[in-house]
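Tertiary structure, described
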Amino acid sequence: MSPLMFNRKPSPAAGYVWLVGAGPGAVDLITMRGRKALSQADVVLHDDLANPELLQICPAGCEFLYVGKRAGQHSAPQDEINRLLVAHARAGRRVVRLKGGDPTVFGRLGEELQALRSAGIAFEVVPGVTAACAAAAAAGVSLTQRGLASAAVFVTGHECAGKAGPALDREALAQPGATLCVYMGTRSLGALAAQLLAGGHAPDTPLLIVSHASLPSQTIRTGTLESAGELACDITDTPALIIIGAVTAPNRAISPGQSRLQEPAHAG
Ligand code: SAH
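First, a word on what this report is: a plain description of the structure on this page.

Parameters at a glance
- Residues numbered from 1 in each chain as written.
- Predicted model: local features only at pLDDT ≥ 70, side-chain atom pairs only at ≥ 80, totals over all residues.
- Heavy atoms only, no water.
- Phe/Tyr/Trp six-rings, centres within 6.5 Å; stacked < 30°, edge-to-face > 60°.
- Salt bridge = Lys/Arg side-chain N within 4 Å of Asp/Glu carboxyl O.
- Helix = DSSP H or I, 4+ residues; strand = E, 2+ residues; numbered from the N terminus.
- Buried < 20%, exposed > 50% of the residue type's maximum accessible area, 1.4 Å probe, protein only.
- Arc of directions from axis to C-beta.
- Contact = heavy atoms within 4.5 Å.
- Core = buried A, V, L, I, M, F, W, Y, C linked by side-chain atoms within 4.5 Å.
- Disulfide = S-S within 2.5 Å.
- Pairing = 2+ DSSP bridges.
- Axes fitted to C-alpha atoms, helices over the stretch in contact; angles between N-to-C directions.

1. Here we look at the packing of aromatic side chains
Counted under the stated rule, the structure contains three aromatic pairs. Three or more aromatic residues link up through ring pairs in this structure, and these residues are F106, F154 and Y183.

Now the structure itself:
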């Protein structure tokens, strides 16, 4: 059987939204289902982290709307993105909302789903490879490991001022049996490290910082909680994902602070 036959869902009628995870950057790390959605799209709303080469999968005449949000430069407010999704679907189009990594992880998916549900628009969420998994794969470490880490926690290093909801108790994240995967964390790494040390984590707790995971420009830096602040100062190659915890120890072969370029395992 052709692998293309696995998704047996009939093609949806017009007026439908797919919220697709583009994966961490490499074009071949999107799912087959995500590719199929792109190949049927009339309009794609995309942002910075999704590889722009993926747009080549779309049919001729497909409309592309850039709605990226780099830190501090909100080019399209979330309400506007919600409005566009609903308006294009109501106009009878097949819409793809393409998001970096996995849409359910720090992707403002909840707000978009709420808008679609309120408007009665049919949708499907298509998962993707999230940055934490891509970074772990790049570094050759396991996020959970028998006897070493029985939890992997996805946490944001960036908390918007005035954001709604309970503030996170960062000291409480210092669980020895958990691996911390920090998204959007390079600028605040020094502060987070201080909070984890105050919460009881050992100063020599190892960590990795993986920039551009899955891309040819990928780099991996190693350090410890004690050296984290200093290490973070040097980081200009973002996006970067920080993995903190004992599972990163096998990567000690690289000396602390040193960065290295890893050739992708399957180039081309
Ligand atoms: N939905 C995305 C996360 C969006 S938040 C996902 O599932 O991956 C954006 C953060 O993701 C960045 O600040 C960075 O911490 C991380 N990130 C995204 N792509 C990355 C990549 N290729 N390498 C390292 N980190 C990445």
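2. Description of the pattern of salt bridges
The tally for this structure, following the rule as stated, stands at eight salt bridges. Residue E112 pairs with K99 through a salt bridge whose shortest N-O separation is 3.1 Å. Of this pair, E112 sits in helix α3 (residues 109-119) while K99 sits in strand β6 (residues 94-99); the two residues are 13 residues apart in sequence, bridging distant segments of the chain. Each member of the pair E112 and K99 is classed as buried. Its salt-bridge partner being D237, residue R221 comes within 3.1 Å of it at the nearest N-O pair.

3. Side note on α3
Of the positions making up α3, those classed as buried are L109, E112, L113, A115 and L116. Buried residues in α3, looked at end-on, bunch into an arc of 160°, giving them a common side. Among the exposed residues of α3, those oriented more than 90 degrees off its buried face are Q114, R117 and S118. Where the residues of α3 are buried, they touch β1 (16-21), α2 (78-90), β6 and β7 (122-126). Directly beyond the C-terminal end of α3, a positive phi value near 70° is found at G120.

4. Quick look at the nonpolar core
Ranked by internal contacts, the top residues of the largest apolar core, which has 19 residues, are V182, L196, L207, I209 and I244. Mapped by element, the contributors of at least two residues to this core are β9 (178-183), α5 (189-198), β10 (206-211), α6 (228-233) and β12 (240-244). Counting residues per element, this core draws most heavily on α5, which supplies four residues.

5. Considerations on the state of the cysteines
Under the definition given, this model contains zero disulfides. C62 carries a free sulfur, and the closest cysteine sulfur to it, the one in C58, is 4.2 Å from it. Between C133, a cysteine without a disulfide, and C181, which holds the nearest cysteine sulfur, the sulfur-to-sulfur distance is 7.5 Å.

6. Remarks on the sheet that holds strand β2 (residues 43-46)
Ordered in space as β3-β2-β6-β1-β7, the five strands form an open sheet in which the pairing is parallel. Both edges of this open sheet fall to β3 (63-66) and β7, since each of them pairs with a single strand only. On average, each strand axis in the sheet is tilted by 15° relative to the strand beside it, whichever way the strands run. Where β2 meets β6, four bridges bridge the pair, whose relative direction is parallel. Paired with V44 across the strands is V96, a residue of β6. On the sheet, α2 packs against β1, β2, β3 and β6 and is oriented at approximately 155° with respect to β6.

On their own, these measurements won't tell you what the molecule is for.
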